[in-house]
Structures are given as C-alpha cells and as structure tokens.
Amino acid sequence: MNTVIRDAWVIFKKDIKIDKYMVIMSFIFMSYIGVSMSMFIGSLYHDQNQFILMADIMLLIIIPMLGFYFSKKYFKYLTDDSYTQMLIYLRTLPISPQVIMCYRYIQMLIAFTMNSVIVFSIIYGFSSQLRSEISIGNYICFALTWIGYALGVTGIYIHLEFTNSGRKYFWLTMVMMVITVIVAITIWSLGGNLLLYTIKMSNEWGVLSPVMWGALVGGMISLALLGKLTFRRLQHRDLL
C-alpha cells in the first residue's frame, strides 16, 4: 500500500510541474465563486427572495467542484478527450490501476483542502450578515456539511471521468446538473432553503450537528463505494 501511495504521489507532483498554472487558475476561479456566494448570502439576509433558489442551485452545482483543479486539461476534456488520453498514457507505463485511482484521489483531496479554504474563507470574510449570524466555529461545521455533500458527488464525477469518453462525460454531467436544478426547484417550491437550513443547523448544534455528520459519513461512504466501482470498471475499460 505504501508503494501505491508513493507512486501515486510521484505522478501527482509531475502533473503539477507540467501544468504550472493549475494552482493559479484554480485560485482565481474559486475566489470568484467565493465572492459570488457571499453576495447571494447577503441578498438572502436582505429578504431578496428572488435569490433564494439561485443560492441553492449554486451550492448544489458549484460546491462539488471543490474537488477539481482548473487547468488546460480540465477545459479541453470535450475537444481533446484529455482524461482518456491521460489514462492511455499511464497505461503505457508500468503503473497499476490502483496507482491511477490513488493518484486521482490524492489530487481530489488536495484540491478539496485548497479550494475549500479559499471559497469558505472568502464567503465568511465578505458576508458581514453571515458573520453576525454564526460564529467561526459553527461556520466551520456549516462548511464541513457542504464538503460532505461534495465528497459524495465528486465520487460520481470521478467515476464518469474515468469510465467514459470526453463527449459522453460532458453530456452525463449536463444530465446531473439538470437533476440538481430540479431537486433545488422542488425544495424551493415546498418552501425550503438548503443554505439557510444548513446555517441554522450548524448554528444550533455546532460540532454535534446531525446534518454535518450525516453529510460527512454519507459522502465518505459514497466516495469509497464509487471508488471501488470505478476501479473495477477501469481495469476492463477499452481505451481505444
């Protein structure tokens, strides 16, 4: 197992060196997301109800992106099928599917760490209404709630990424986004708001929030199960 992690880490470091602007592009994009979300949250506290639905849609769609770096490879997956080309290249090397999966999960976890700090720090820093509503400790619980949700959804994206061509991956992600919008509209039509609900639960329960723990445990279980499924499919996928 140590050998798998070591080899996966070597691939990850090489990936960073090849795409030197990956971190910068991710920082810029995530900063934009953080500022946008803080504006939506501010509008909710000013009773601008027209933004309630948009806030939920943004959270449900954008937060899972915390597990990705935004590089040339990411933006060219549709035209160049860059994910499949990466797998073909790795298959030509003496690298096992275990190492490939471990490399992708290392990439995801580091992206989550960096992007989560950027996005949630900006949201809290730019939203004075939110700071007056919730303490920094309870806000961390709120952030962990959404990170738990994002872990589960990211597992789905990684599965689609590793088991489909770029074109098919694009259309499947579009379907996922449509389903997400439908879920958000359904919750809104029933008088609910996920953003305010998760803030309320984190504020009332803090580290004991059942929503936070449910999201974290559910997200990690989903990620693990999808990882096993992806690994099995990856072993038998025809890349030609």
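The rules behind the values
- Residues numbered from 1 in each chain as written.
- Predicted model: local features only at pLDDT ≥ 70, side-chain atom pairs only at ≥ 80, totals over all residues.
- Heavy atoms only, no water.
- Helix = DSSP H or I, 4+ residues; strand = E, 2+ residues; numbered from the N terminus.
- Expected span 1.5 Å × (residues − 1).
- Buried < 20%, exposed > 50% of the residue type's maximum accessible area, 1.4 Å probe, protein only.
- Polar contact = N/O pair within 3.5 Å; in protein donor to acceptor, adjacent residues only side chain to side chain.
- Contact = heavy atoms within 4.5 Å.
- Salt bridge = Lys/Arg side-chain N within 4 Å of Asp/Glu carboxyl O.
- Core = buried A, V, L, I, M, F, W, Y, C linked by side-chain atoms within 4.5 Å.
- Phe/Tyr/Trp six-rings, centres within 6.5 Å; stacked < 30°, edge-to-face > 60°.
- UniProt positions renumbered as here; feature names shortened; annotations may be inferred.

Labelled according to an unreviewed UniProt entry, the chain appears under the name ABC-2 family transporter protein, originating from Paenibacillus macquariensis.

### Brief notes about helix H12 (residues 210–236)
The end-to-end C-alpha distance of H12, which contains 27 residues, comes to 39 Å, matching closely the 39 Å that a straight helix rising 1.5 Å per residue would cover. Those residues of H12 that sit buried are Met-212, Ala-215, Leu-216, Gly-219, Leu-223, Leu-226, Gly-227, Thr-230, Phe-231 and Leu-234.

### Observations regarding the side chain of Asn-138
Relative to the elements of secondary structure, Asn-138 occurs in helix H9 (residues 136–163). Taking relative accessible area as the criterion, Asn-138 reaches 17% and is therefore assigned buried. A distance of 3.4 Å separates a polar side-chain atom of Asn-138 from the backbone oxygen of Asn-203. Apart from the residues lying within four places of it in its own chain, the contact partners of Asn-138 are Ser-202, Asn-203 and Gly-206.

### Description of the pattern of salt bridges
Summed over the entire model, instances satisfying the criterion amount to two salt bridges. Residues Arg-6 and Asp-7 are paired through a salt bridge, measuring 3.5 Å at the closest nitrogen-oxygen approach. For Arg-6, a relative accessible area of 51% puts it in the exposed group. A salt bridge links Glu-161 to Arg-104, with the nearest nitrogen and oxygen atoms 3.0 Å apart. Here Glu-161 is found in helix H9, whereas its partner Arg-104 is found in helix H7 (residues 97–126), with 57 residues between them in sequence. By relative accessible area, which is 2% here, Glu-161 ends up buried.

### Brief notes about the nonpolar core
Formed by 59 residues in total, the largest nonpolar core has its most connected members in Phe-120, Ile-123, Leu-130 and Tyr-139. At 16 residues, the largest contribution of residues to this core is made by H7. Sequence-distant contacts of Tyr-139, defined by excluding residues within four places in its chain, comprise Phe-120, Ile-123, Tyr-124, Leu-130 and Ile-134. In this structure, Phe-68, Val-153, Tyr-157 and Tyr-169 belong to the second largest nonpolar core, which totals six residues.

### Observations regarding the packing of aromatic side chains
By the definition in use, this model includes eight aromatic pairs. Where Tyr-124 meets Tyr-139, the ring centres are 4.5 Å apart and the plane angle is 35 degrees; that geometry is what we call tilted. Here Tyr-124 is found in helix H7, whereas its partner Tyr-139 is found in helix H9, with 15 residues between them in sequence.

### Topic: the UniProt feature "transmembrane region" (unreviewed entry) in the chain
According to UniProt, the "transmembrane region" (unreviewed entry) feature falls on residues 21–45, 51–70, 105–124, 136–158, 170–191 and 211–231. A distance of 28 Å separates the end C-alpha atoms of residues 105–124, which is 100% helix and 0% strand. Along residues 211–231, the helical share is 100% and the strand share 0%, with 30 Å between the first and last C-alpha atoms.

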